[in-house]
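Structural description and commentary
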Amino acid sequence: MTTEALSRPDTATSGGATSHRGTLFGIVFAAAGMVCVGSSVAVSAAITDAPLFTLQTVRYALAALLLLLVARVTGWRVPRPRGREWLWLAGVATAGLVLFNVGVVRGVAHAEPAVIGVAVATVPMLLAVVPAIATRTLPARAVVIGAMVVTAGAVLVEGFGRTDAAGVGYALLVLVCEAGFTLLAVPVLPRLGAFGVSFHSVWMATAGMAVIGVVSEGPAAVTTLDAVDLFAALHLAAVVTTLAFLLWFTAVKRLGSGRAGLLTGVVPVAAAGLGVPLNGIVPGPMVWLGTAVVALGLLIGLRGTPSRRVRTRRLGRSRQNLSRAGS
């Protein structure tokens, strides 16, 4: 598997009307997936007293079952990973799901939630730059500028908070893991697809969370979950995991990680918007300003599609660089 895949959009979306249609669907899927993720904020407020790692185990177990149910109903095939694909998927599960949750849970003990939110808000920059570094090519200027603007807007929406040195460390862990969730999935998306990556990473995360839950909270912790906790776990499993993962990985396959990463700026905006009907909290002026800045960043980063000639030239340079490196 070459590192070229890190920044390559799905070839099915190349050229003419097909390209623009694929891009539009990718943008819609990514935005919808991030709205699903944003809905987790309201749900998380109801489970602060629950054994979180145990609840996350239940969440991912339910998500794996839901994905199997979807496969049964729709006739989708669950691809079996091969060779190094197991390692990529283990990375998605370990970094993007298990360690990410550890970083969030431990981080909020040392930092205000806004600090963790700001860390996640900088993910678009990593998703724009890291693939370019891996393929030794220049990142698309519009995507980088758009990522910077989206990040600034997301920070305005999230606000800032107090933290200590440990909180900064956990925030950095959350940032790296959130970016890894997407970047580690890209090499296996072409063959396994959004469904295969979602299912295998989720059941692996279930196993990892179960171990952490048993060690840190005890095997009996599952018996302390009440009806509210279980309802929250079901929402997290169905909407924030099953639906959001399928939408997100489909978008990444269509857009590439850099352009799809811009849509992560929708998460804090969606969370703030959902707070109005759910909690009666009307966003303040900074949230509205941040929302406008995020929208501007998306407009900058997502406008147009690189021409086939530009894409071919970039891929040609990538292959030459990889050939020189002996890949």
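What you are looking at is a predicted structure, and each value in this text was computed from that prediction instead of being measured.

With that settled, the discussion passes to the overall build of the protein. Per the secondary structure count, the protein includes 14 helices and 0 strands. When the helices and strands of the protein are read in sequence order from the N terminus, they spell out α-α-α-α-α-α-α-α-α-α-α-α-α-α. Every one of the 327 residues in the protein was classed for burial, and the buried ones make up 48%. Taking the contacts inside the protein whose residues are at least 6 apart along the sequence as the reference set, 90% of them involve residues at least 24 apart.

You can see F29 is positioned in helix α1 (residues 16-38). Looking at F29, the relative accessible area reads 24%, which means it is partly exposed. Considered as a pair, F29 and L263 are 234 residues apart in the sequence and their alpha carbons are 9.6 Å apart. For F29, the contacting residues outside a window of four places in its chain are L247, T250, A251 and R254.

To continue, consider the packing of aromatic side chains. Following the criterion strictly, the structure yields 6 aromatic pairs and no others. Both rings, one in F25 and one in F29, keep their centres 6.1 Å apart while their planes meet at 25 degrees; by these two values the pair is stacked. One end of the pair, F25, and the other, F29, are both in helix α1, 4 residues apart, so they sit about a helical turn from each other. Plain terms: the ring middles of F181 and F245 are 5.1 Å apart, the flat faces sit at 55 degrees to each other, and that makes the pair tilted. Of this pair, F181 sits in helix α8 (residues 165-183) while F245 is found in helix α10 (residues 227-255), placing the two residues 64 residues apart along the sequence. Residue F181 shares its accessibility class with F245, and that shared class is buried. Through successive ring pairs, a cluster of aromatic residues spans F181, F245 and F249.

With that settled, consider the packing of helix α5 (residues 113-121) against helix α7 (residues 141-158). For the pair α5 and α7, interaxial distance at closest approach is 9 Å and the crossing angle is 165 degrees. Taken together, α5 and α7 sit at an angle that is classed as roughly antiparallel. In the packing of α5 onto α7, the handedness of the crossing is right-handed. Along its contact with α5, which presents A114, G117, V118 and A121, the element α7 presents T151, A154, V155 and E158. Within the contact of α5 with α7, the residues separate by chemical class into 5 nonpolar, 2 polar and 1 charged.

As a further point, take the pattern of salt bridges. This structure, assessed with the given rule, holds 1 salt bridge. As a salt-bridge pair, E85 and R191 come within 2.7 Å of each other at their nearest N and O atoms. Of this pair, E85 sits in helix α4 (residues 85-107) while R191 is found in helix α9 (residues 189-217), placing the two residues 106 residues apart along the sequence. Relative accessible area serves as the criterion here: at 31%, R191 is assigned to the partly exposed category.

Moving on, we get to the nonpolar core. Core analysis: the largest hydrophobic core is formed by 50 residues, its most contacted members being V197, W248, F249, L263 and L298. Element by element, the count of residues in this core is highest for α9, at 10 residues. With near-sequence residues (within four places) excluded, V197 lies in contact with L89, A185, V188, L189, L192 and F249. Among the nonpolar cores identified, the runner-up in size contains 14 residues, and F100, L127, L175 and L183 belong to it.

With that settled, consider the packing of helix α3 (residues 52-74) against α10. Running from amino to carboxyl end, α3 crosses α10 at an angle of 50 degrees, the nearest separation of the two axes being 8 Å. In terms of orientation, α3 lies oblique with respect to α10. As for the relative orientation of α3 and α10, their crossing is right-handed in sense. For the pair formed by α3 and α10, the contact residues are L55, V58, R59, Y60, L62, A63, L66 and L67 on the first element and D229, A233, L234, L236, A237, A238, V240, T241, T242 and L246 on the second.

What follows deals with the confidence of the model for the protein. Per-chain confidence: the protein averages 84 in pLDDT, with 86% of residues scoring 70 or above. α9 holds the highest mean pLDDT among the elements of the protein, 95, whereas helix α14 (residues 308-324) holds the lowest, 45.

Note that S201 resides in helix α9. For S201, the residues in contact, after removing those within four places along its chain, are L89, V92, A93 and L97.

Reading the values: rules and limits
- Residues numbered from 1 in each chain as written.
- Predicted model: local features only at pLDDT ≥ 70, side-chain atom pairs only at ≥ 80, totals over all residues.
- Heavy atoms only, no water.
- Helix = DSSP H or I, 4+ residues; strand = E, 2+ residues; numbered from the N terminus.
- Buried < 20%, exposed > 50% of the residue type's maximum accessible area, 1.4 Å probe, protein only.
- Contact = heavy atoms within 4.5 Å.
- Phe/Tyr/Trp six-rings, centres within 6.5 Å; stacked < 30°, edge-to-face > 60°.
- Axes fitted to C-alpha atoms, helices over the stretch in contact; angles between N-to-C directions.
- Parallel < 35°, antiparallel > 145°, perpendicular 65-115°, else oblique.
- Left-handed = near helix turned anticlockwise from the far one by under 90°.
- Nonpolar A, V, L, I, M, F, W, Y, C, P; charged D, E, K, R; others polar.
- Salt bridge = Lys/Arg side-chain N within 4 Å of Asp/Glu carboxyl O.
- Core = buried A, V, L, I, M, F, W, Y, C linked by side-chain atoms within 4.5 Å.
- pLDDT = per-residue confidence, 0-100.

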